[in-house]
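Structure assessment
One letter stands for each residue in the lines below.
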Amino acid sequence: MDPVQSAVALTVREALHTLSSSEDGGHLLSTLGALKRYLSGAENPALPGEQEEFARMHFSAVLRCLVGRLSPGWLELLPNGQLEDLWASFFLEGPADQAFLVLMESIEGAAGPSFRLMKMAQLLARFLSAGRMAAVMEGQCRQLTEPAFRLLQETLLIKVVGLPDHLGNRLQRENLEAFLPQNYFPLLGEEIMRVLQAVVDSLRGGWDCSVSFLSQVLGKACVHGRQKEILGVLVPRLTALTQGSCLWQRVCWRLVECVPDRAMEALLTGLVEAASGPDVLSRLLGNLVLKSKKAQFVMTRKILFLQYRYSTPMLQSLLGYLAMDSQRRPLLGQALKELLETWGSPSAIRHAPLPQQRYISSALLICLAHLQDAELRDSQDELLASLMAGVKTRLDSSLPAVRRLGMIVAGVASARIHPDGPPLRFQYEEDELSRELLALAAPPPVADSPSEAEASPAAETPDRGSVDSGVPQAQPEGSGSDLDSDDELVPYDMSGDQELKSGKAPAYVRDCVEALTSSEDWERWEAALRALEGLIVRSPAATREVSVELAKVLLHLEEKTSVVGFEGLRQRALVAVVVTDPAPVLTLAAQELSRPGRLPPQCGSPSPTSQPSSTQAPAWRAVVQERIRSKTRRFSQRSPRRGPGAGPNEFNLVAGYFFFPLIRHFDRPLVTFDLLGEDQLVLGRLVHTLGALMYLAVNTTVAVAMGKALLEFVWTLRFHGDACGGAGPRRGLQGVGGESAPTSGEAQRHTRPAVVSLVPAREGPAPLELARPARGLCPWSTRGPPALPPWTGPPERGPEVPRREGATGAPAG
């Protein structure tokens, strides 16, 4: 055994015994002074080998002993705080990583608020303010990679990045300012800069270093959502340091390359937002998009296509970064092709929100501004085909904003992609959006993109007198357009004007069916749709004659003329048909739900282009009504109207027609839906609808049969793995419970009855409004129950079929 190491171990053992048992202040002072010799920087230091052994094997045990003895009486054994200063010096001057871990361990292990907890928290704040966190991270940059070292790094990484959360949970309202996230992460950024400076100095001196731990700290902090705090400190400093130093650029490149893939997206989005331009981004990232598949996906796919919350300067920085190096420019050309395909995709135009379409249009124009004519000429045919298909789709849209975007982008893109041919020109009003998009199409300054110095000039600008797709030219002073201005004319008030309709509204239900199915006169088609609900209510007998045909027409009716309030008109007409002739219409609806390819995609969910059908009252009328309401004095808040009296429950006759056709053959995989397989969303909507129907039919004579069928249905789904399918049985069992009030917050918020849609919505199950049956009301009047409906009970279920693999739910017990 090494005698030097034996001497160190013996000294530490005796010191720990003294510290644990002695109450003599002088004895404690001499013991701590003897131990402090083993710390670096002491006045009378021990041998280097003894210091290394003490730091590696005994330092943590000494710190834990000091933490265990901490108490108000123990610190007062010496006057003037001598013992407390000597006690704290071990944490502030010893190995930083071990001191930090012992500090965090003692704070997290505290049972509750105490003197020891607050003292350790204050010491940790001194530890951070003294710059010891930089020593913690610098020590990890100089060590070799070993299995035990990796475990230590993982522990340190969790403690360093999660320090605000750990301290906030332990200290609660007694938390210190230094541990708040808005204060801690900028401090962490300053410490990272100090470590990077030390790494650069070591590399200049010929010593090897690693920035892997710094990359992990930076990535984990960004994943925690603290990009602005930490990158707000790092990016300006690194921007200045990489301006004229290749070594600093290489260190930055290595720093971002070592970030784990799971944190790459958070780091890159923060860097692109914080960078002041493409040149800064190029110095910080280098060719990261060529070395990392994750970075390439984030920079060329996710930021451009899947997200649209970023600003236009950020887009210019990102695409300018791709254009600044010859090795990265092929990615810019590929991004242009994919942007043009997405811009002209009918599905994207139909489903993407308008802000996202503007975002993609801006990115497309920025790409065109950065690419040279030779690069565009290589894929001219492909780009031109995508452009023309997209222009046709956008001009066919019913939304003016979509058509306008198509005109602006098509004009600029056609002039850049095919400069030899005639550009596309459109007439549209100039506004802020058009000016912004046209400015993006201008070529960038030569200083920002040196590789584009030989780029061809922009396309020919349009003539004066019309605003089209080119860059508008400023008109010379004294032009004739100012002389012909009509700004001084008083405009005529046309706020009360209404559009004149040449077509006459149909007077019969059959005429409406004919107009909706075979009429080519769109004004007559719209008039029939608007008059249909009133005709159904006024002529129930005539409606019953064509109810099935009319319901089928309404179910498959598609909006072709941009009718205002189309979805509301169609839904109200369907409700009126169901109320007038429920049995055959509900049977048809259940059959149509199971047939493949019969329901149009917009059934059951409102169209994104639909608008309220009712015309708004003039502004002055709303002001007058508000003044009348505010000035009116009411002497009683009670409503003079009486509640509805008891009467026959009309839902008793038709409850089965709503319920049993929906529940039949639910376990059979149809061509349309596989409820027990992949269509969990439809299954959840089905169970929710059945529970609502059961709840509404609680006072009907068929409730018992409905309850049995529903209980058997939801029993097989009680262990469903999907969240939608698992929440459905709870709603169904609430419906079987009858008088028990719904427990979900959704059902408690809605108290008005509503017709439950039998058609699944495109965007998930919509919230249903459940009506609570009135207590104390019998389902029939005092004259006696009415004749039972011609319903003979639930239909027989079909033969059982083997369940597909992956189908959730346990067999009925």
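This is a predicted model, so every value here is computed, not measured. (Residues numbered from 1 in each chain as written. Predicted model: local features only at pLDDT ≥ 70, side-chain atom pairs only at ≥ 80, totals over all residues. Heavy atoms only, no water.)

We now examine the overall build of the chain. A count of helical and extended segments in the chain gives 39 helices and 0 strands. When each of the 813 residues of the chain is scored for burial, the buried share is 43%. Long-range contacts, defined as pairs at least 24 residues apart, comprise 75% of the intrachain contacts of the chain with a sequence gap of at least 6. (Helix = DSSP H or I, 4+ residues; strand = E, 2+ residues; numbered from the N terminus. Buried < 20%, exposed > 50% of the residue type's maximum accessible area, 1.4 Å probe, protein only. Contact = heavy atoms within 4.5 Å.)

Enumeration over the complete set of coordinates arrives at 25 salt bridges. The salt bridge involving R510 is made with E545; its shortest N-O contact spans 3.4 Å. Here R510, found in helix 28 (residues 509-518), pairs with E545, found in helix 30 (residues 540-545); they are 35 residues apart in sequence, far enough to count as distant. Classification of R510 as partly exposed rests on a relative accessible area of 48%. (Salt bridge = Lys/Arg side-chain N within 4 Å of Asp/Glu carboxyl O.)

Another point: the environment of L188. Mapped onto the fold, L188 is located in helix 11 (residues 181-204). Taking the relative accessible area as the measure of exposure, L188 reaches 1% and is therefore buried. Between the C-alpha atom of L188 and that of A134, which follows or precedes it by 54 residues, the distance is 8.3 Å. Setting aside residues no more than four positions away along its own chain, L188 makes contact with M133, M137, V160, V217 and I230.

Turning to helix 24 (residues 380-395), a few remarks are in order. Residue pairs three or four apart in sequence face the same way in an α-helix, which turns once every 3.6 residues. Compared with an ideal rise of 1.5 Å per residue, which puts 16 residues at 22 Å, helix 24 spans 22 Å between its outermost C-alpha atoms and is within 8% of the ideal. By the burial criterion, the buried members of helix 24 are Q380, L383, S386, L387, G390, V391 and R394. Buried residues in helix 24, looked at end-on, bunch into an arc of 135°, giving them a common side. Along helix 24, the residues that are exposed and aim more than 90 degrees away from the buried face are D381, A385 and K392. For helix 24, the secondary structure elements touched by its buried residues are helix 20 (329-343), helix 21 (346-351), helix 22 (354-370), helix 23 (373-378) and helix 25 (400-417). (Expected span 1.5 Å × (residues − 1). Arc of directions from axis to C-beta.)

Turning our eyes to something else, we now look at the environment of A531. With respect to the helices and strands, A531 occurs in helix 29 (residues 522-538). The sequence separation of A531 and P506 amounts to 25 residues, and the corresponding C-alpha distance is 7.2 Å. The contact partners of A531, leaving out residues within four places of it in the chain, are A505 and P506.

Here helix 12 (residues 212-223) spans 16 Å end to end across 12 residues, near enough to the 16 Å set by a 1.5 Å rise per residue. Here helix 12 lies mainly inside the structure; 9 of its 12 residues are buried. Among all positions of helix 12, only F213, L214, S215, Q216, V217, L218, G219, A221 and C222 are buried.

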